[in-house]
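Chains, contacts and geometry: an overview
Now for the letters of each chain:
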Amino acid sequence: MPPEFHPPHHIKTQPAQKPGPNRPESDDPIIIVDLVWPFGELDGLDRDDFREAAYEIFFTACRSSPGFGGRTAAISSSLNPEGSGDGNGSGPSSGPGSPKPPGVGMAITSRVKTALGLKMLKKSPSRRTSGGAVMMGPSSPAGVASPRTPGSAGPQAKIRRPLTSAEIMRLQMRVSEQSDNRLRKTLMRTLVGQMGRRAETIILPLELLRHLKPSEFNDPQEYHLWQKRQLRILEIGLLLHPSIPVEKDNASAKRLIEIIQACEIKTIDTSKNSETMKSLCNAVVSLAWRSADGAPSDTCRWADGFPLNIHIYTALLGSIFDLKDDTLVLNEVDELLELMKKTWSTLGITRSIHNLCFTWVLFEQYVVTNQVEPDLLGATLIMLTEVANDAKKVDKDRIYLKMLKNVLSSMKRWCEKRLLNYHASFHAENIVLMENIIPLMFSASKILEEDVPGYGSSASEKGDVKDDSTGNRVNHFIRSSLRTAFSKTLEERNISVATFENEDVIETLIKLANATEELATKEKEIFTPILKKWHPIAAGVAAVTLHTCYGTLLRQYLAGTTFLTSETALVLQRAGKLEKVLVQMVVEDSVDCEDGGKTIVREMVPYEVDSIKINLLRKWIQDSLKKGKEVLVRSKDSETWNPKSKSEPYAQSALDLVKHSNEAVDNFFEIPTIITENLVNDIADGIENLFKDYVTFVASCGAKQSYLPTLPALTRCGQDSRFVKLWKKAACSVGSNDPNQHLTDEDNNPRPSTSRGTQRLYIRLNTLYYLLQQLNSLDKTLSLSSRVIASPGSRYNKNRQLACCSFFDQTRSAIQEAVQHVSEVAAYRLIFFDSNSVFYASLYIGDVENARIRPALRILKQNLTLLCAILIDRAQALALKEVMRASFEAYLMVLLAGGTRRNFSRMDHQMIEEDFESLKRVFCTCGEGLILEDVVEKEATIVEGIVALMGQSTEQLVEDFSSVACEASGIGVVGNGQKLPMPPTTGRWNRSDANTILRVLCHRNDKFANHFLKKTFHLAKRRG
C-alpha cells in the first residue's frame, strides 16, 4: 500500500537554555512552539527514540571510517590546537555538501559555516581531549575522561588525544556509553566474517534483537522497552510506511504483526533456538528485500520509507548544534555532514531531500531557541536558494513534492504569523531578523507558487495569506500588524464600546491619540526602512491604517455626542493633530509614486474635525438657546414684576435671562475650537430672538387709551335758575355742602396716589433699561473677542476696529419702542387712574374758583418723587416727560371734555392760566434738570393756545369757529340758508381746530354761546 502522509503537527522540543551544572539534561521541560512539524506523526516513538535510531544507523554506516573502530583507535591526524576561524563568510563559496577537508578533525575553518554565514566557535569538541584530565570549553560537549587512580594525590600525566568524530557524535546525540557498547558488540557479532558487507544491507533493529540479550541491560523493563522500540521501527519501516507498498495478504506482514502484538504483552524470546525469533527473521528479511515488480532485488529497504527516514535523518542533522549553546553550529559540521552522507543509501536520502531537511533543521533550531541567533535565519535563507534550485528540476517524485510543500508551507505560515503582527515580534534591537524573514517568506512563497502543483487552491482553503487588491502581501502585513497593535493598545487601556459611557472617555481618547501617534512614529522610524524595500509606500499604508483605526473609535464616540463641549473639542483638536501627522506621513512617503500617492490618500476618510466642530457647536448653540427659551417660558409664568432688591430694581425674569445669556456666551468662547464669524452670528441671532421675545413680553402691559375717559357728548351750558344761584351762594358762605370742599383743604401730609400696578410698570421700565445695558455688554464680548476668526473685509473686522457693536440693533430698537410704550402707559395710568380723584374727576368741578389745581399738584409732586425713587436714573427723564404729557392732556380734557359738571366763563381765564403755569412749574423743578424748561414750554404750547381761547369773547370764538369750520369743510363762506357743518372729534386738540373751539363754546357759560349752539347745531341743554 502507498505510504501514508500524515498531516503536520506542532513541534515539541527542548528549550534553548543551557542545562545547569547540577541538573541532568533529561530534566529539561518540554515546550511547545508555534511551528508546525511538516513530516507527519509516527505514534509510539518520540524524538529520543529517533535520535537513538539515528545514531545506530549513523555508526553502522560509518563503522569503517577513522575513529569508529575500537574504543582506543586513534584518528589519522590530530587537530591543530590553535586553529579557529571567525566564521564571518560573506557568501556560499561551496555547497553545504562539499567534500570534507583531508583528515577527520583537521578543519581550521568550516567551508559550510562560511558559506552559510555562521560564526566559528572559539573552541570545538575535537580540540578537547580524552584522558585523565579534561579541557572543558564553555560551548562544547563534555569530553571523554578516564577515571583517575583512587587515592592519587594530584593531577597525573595521562595520554591525551582529540575527540574522534564517533565520540563527538555520541556526545552530541546524547547516547550513553552503555548503549554505544551494545551497538559496537552487535556490529562485531554481525560482521564476523563479513567485514566487506554494505551498511544498507544490514537490518539493524533485527540484528540488535538477535545479538543483544536481557543480561546486557540494567533490568528486564528496560530491555522490554528497548525491544518494543526496535519492533516499532520495523513495523513503521516495513508495514506502515514502507517505500514499497505491502500487499494486504502478505503472509510475512501478518506474521510480523503477530510478533509485534505479542511483544506488547511480554518480552519475546530472541535466543538462537527460538521459533519466534526465526519467524521474525524470516518475515523481516522477506519484507525488506522486496521489489516493486516482485522480481529479485539486491536492495534492502527497511528505513527508507517516508516519513520514518525523515524523522531519523532530521534527528541526525540536529547533532550539528553545540550542546552547551544550541544556537551555535559545531566547527566540525563539514566532517559530520560528510559522514552523514553515508546514511543516505540506508534512509533513501537524496541531495534534494538533504537540502530540504537541512534547511528545515536550521530554521527549526532558530525557532526553538527563542529566535535569538539571527545567523541561523540567515543560513536558512541561503539554504533556501539551494532548495529553489532543486525544485526547478524535472525529476521530482511525489514524496519530495509533498515534503517540499509541507516544509515551505510551515515556514511560510510561521513567517507570516510574525509579519502579520510584526509590532509584537520585532523591535529596534532585533529588526535585522525582520530583514531576513521577509525574503524568506517571499522565497518560500515563490517556490510554492511556481514549483508545487496545485498549491494555490490548497493555500486558499487553509487560509494562507494571499495577494491583496494591490498585489502586494506586505500591504496586508502592514495593515494587519497595525490593527493588531492598535487593538492591543485598546486592551491595555480597557477601551470598549461600554467605555464611551464612562466619564474618563475624553482622557482615554486623548491618550489613545498620543499612543497612535507614537505607534506611527515607531512604524516610520523602525519598520518603514525595511518594508519600503518591498512596498513603495509602506509608511503611507501604515498611516492610512492607523487613521482608519482611530477614526472608527472617534466616529463611534461622536455618534453618542449631541453637541460640542469643551471636552469634546479637546478630543477633536487632538484627533485633528493626529490626522495632520498621518497625512504628512502619506505625503512624504508618496513623493516618488507615479500618482503622487493619490490612490492611498483616497482611502483616508477625513475626520472632518472642523466641520464636525462647527456642526456640534451649532447643536450646542441650539441646545443653549432651547434652554434659554425654557427660562423665558418659566419667567413668563412666574413673573410678578416685583424688584429683586433695592440695589437691583429689575424683574427676576430678566436677571435669569441675562444670566443664561452670559453663561452661554462665556461657555461658547471657552470651548477650545476655532470660532468663526458665522458661529458668532448664530449665537448672537439666537440670543437676540430671546431678548426680542422677552421685550415683547415686557411691553405687553396694555395701552394708554385704556386709561383715557370716554369723551362726553357735546352739550350747551344753560343759565342757572334764581333758586340754584341763591343755593350756591348760601353754600359758599356756610361752607358745608360743597362737594369739592375736601379738595381745597390744606392737607399737611399728602400721600402719593401711585398704585401697585403703576409701580410694577416702573419695574418694567427698569428691566428694559437693564436689558439694554446687558445687550451692550454682550455685544462687546461678541465683537471684541480674540477667539473669533473673521473673514477679511467682513463687518466683524470693521466692528472690532471701530469698537462698535452691531449684533443686537433690532433688539435695541424694540427696547426703545417698548420703553416709550411702557412709559406712556405708566404715565397715563398714573394721571388718569391713580390720580383721577384729584385731577380729572375733581378739577374745576362746579366752578373754577372753588376747585383749583393746587391739591392735585401736591399729590402729583409726591407721585413724581416716588417715581424717581423707583426708576433708575436712565429711565427717569422719559418717564417724567410722559407724565408731563399725560398731565397736559388730562388738563385739556378737563377744559374741553369735562362733562356737564364743568362750565367756564371768560372771567375764569386768569385762574386757569395761573393753574397751568403752576402745573408747568412742577415739571420744570422736578429732579435736577431732568426736563429742560424749553422742553416743557414746547409741550405746553398747545395747552397754552387753548387756554388763550378761553380768554376770548364769545363773539370772537363764534367768528373764529365759523371761519375755521367753513375752511375745514371746504364751504368757504356760509350763504343764506346754509348751516355750518359739525366738525369731527379728532382728539388732537388745537386752538386752530374747529372741534376744539366748538368745545370751548360748549363749556362757555353765557347767553350768546348758548343761543349759537342751539341755533346752529341744536345741541341739548345740560341737565342737573
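We now turn to the structure provided with this report. (Residues numbered from 1 in each chain as written. Predicted model: local features only at pLDDT ≥ 70, side-chain atom pairs only at ≥ 80, totals over all residues. Heavy atoms only, no water.)

As for the overall build of the chain
Where we set the bar: Runs of H or I in DSSP of at least four residues are treated as helices and runs of E of at least two as strands, each being numbered from the N terminus. Burial classes follow relative accessibility: with a 1.4 Å probe on protein chains only, a residue under 20% of its type's maximum area counts as buried, one over 50% as exposed, and anything between as partly exposed. Whether two residues touch is decided by their heavy atoms; if any such pair falls within 4.5 Å, the residues are in contact. For every accessible area listed, the method is Shrake-Rupley and the probe measures 1.4 Å; residues are considered covered only by the protein chains on display.
The secondary structure content of the chain amounts to 36 helices and six strands. By residue count, 52% of the 1024 residues in the chain fall in the buried class. Pairs at least 24 apart in sequence give 78% of the contacts found in the chain among residues at least 6 apart. Summing over all exposed atoms, the chain offers an accessible surface of approximately 47700 Å²; the carbon and sulfur share of this is 52%.

Some thoughts on the pattern of salt bridges
Defined as follows: Any Lys or Arg side-chain nitrogen located within 4 Å of an Asp or Glu carboxyl oxygen qualifies as a salt bridge.
Tallying each qualifying case throughout the model produces 40 salt bridges. Between Asp693 and Lys636 there is a salt bridge, with its nearest N and O atoms 3.2 Å apart. Here Lys636 lies in helix 23 (residues 609-638) and Asp693 lies in helix 25 (residues 677-699), a separation of 57 residues in the sequence. Given a relative accessible area of 32%, Lys636 falls into the partly exposed group. Among the ionic contacts, a cluster of salt bridges with common partners joins Glu917, Lys920, Glu937 and Glu944.

Focus: unusual backbone geometry
The omega angle of the peptide bond from Phe306 to Pro307 is 10°, so this bond is cis rather than trans. The phi dihedral of Glu608 falls on the positive side, at around 55°, and the residue is not glycine. Within the element layout of this structure, Glu608 appears in the loop between helix 22 (598-602) and helix 23.

A few points about the nonpolar core
Basically, it comes down to this: We define a nonpolar core as any set of buried Ala, Val, Leu, Ile, Met, Phe, Trp, Tyr and Cys residues linked to one another through side-chain atoms lying within 4.5 Å.
Residues Tyr550 and Tyr891 are the most contacted members of the largest nonpolar core, which totals 295 residues. Among the elements that make up this core, the one with the highest residue count is helix 31 (residues 873-896) (14 residues). Discounting residues that sit within four places of it in the chain, Tyr891 has contacts with Phe839, Leu843, Tyr844, Ile853, Ile912, Asp915, Phe916, Leu919, Val943 and Val947.

Here we look at the packing of helix 9 (residues 308-317) against helix 12 (residues 351-368)
Put simply, the rule is: An axis is simply a line fitted to the C-alpha atoms; with a helix, the fit covers only the stretch in contact. Between two such axes, the angle follows the N-to-C directions and lies from 0 to 180 degrees. An angle counts as roughly parallel when it lies under 35 degrees, as roughly antiparallel when it exceeds 145, as roughly perpendicular when it falls between 65 and 115, and as oblique in every other case. By the definition used in this description, the sense in which the near helix is turned from the far one sets the handedness, with an anticlockwise turn below a right angle giving left-handed and a clockwise turn giving right-handed. Ten residues, namely Ala, Val, Leu, Ile, Met, Phe, Trp, Tyr, Cys and Pro, are considered nonpolar, four, namely Asp, Glu, Lys and Arg, are considered charged, and the remaining ones, Gly among them, are considered polar.
Close contact between helix 9 and helix 12 brings their axes to 10 Å; oriented N to C, the two are set at 60°. The orientation of helix 9 relative to helix 12 falls into the category oblique. For the pair helix 9 and helix 12, the crossing hand works out as right-handed. Residues Ile310, Tyr313, Thr314 and Leu317 of helix 9 pack against Ile353, His354, Cys357, Phe358 and Val361 of helix 12. The class makeup of the residues in the contact of helix 9 with helix 12 is seven nonpolar, two polar and no charged.

Here we look at the packing of aromatic side chains
For clarity, the cut-off: Ring pairs shown here join Phe, Tyr and Trp side chains whose ring centres sit within 6.5 Å, with only the six-membered ring taken for Trp; geometry is labelled stacked below 30 degrees between planes, edge-to-face above 60, and tilted in between.
With the rule as written, the count across this model stands at 28 aromatic pairs. Judged by centre distance (6.2 Å) and plane angle (80°), the ring pair of Phe39 and Trp360 falls under edge-to-face. Of this pair, Phe39 sits in the loop between strand 2 (31-37) and helix 1 (47-61) while Trp360 sits in helix 12; the two residues are 321 residues apart in sequence, bridging distant segments of the chain. The burial state of Phe39 is the same as that of Trp360; both residues are buried.

A few points about the packing of helix 25 against helix 29 (residues 809-834)
For any two helices packed against each other, one specifies the inter-axial angle together with the distance between the axes. Running from N to C, helix 25 and helix 29 cross one another at 5°; their axes reach a closest spacing of 9 Å. On the basis of their axis angle, the class for helix 25 and helix 29 is roughly parallel. For the pair helix 25 and helix 29, contact is made by Glu688, Phe691, Lys692, Val695, Val698 and Ala699 and by Asp809, Gln810, Thr811, Ala814, Ile815, Ala818, His821 and Val822, respectively. The class makeup of the residues in the contact of helix 25 with helix 29 is eight nonpolar, three polar and three charged.

Interpretation note: all reported values are geometric properties and have no functional meaning in isolation.
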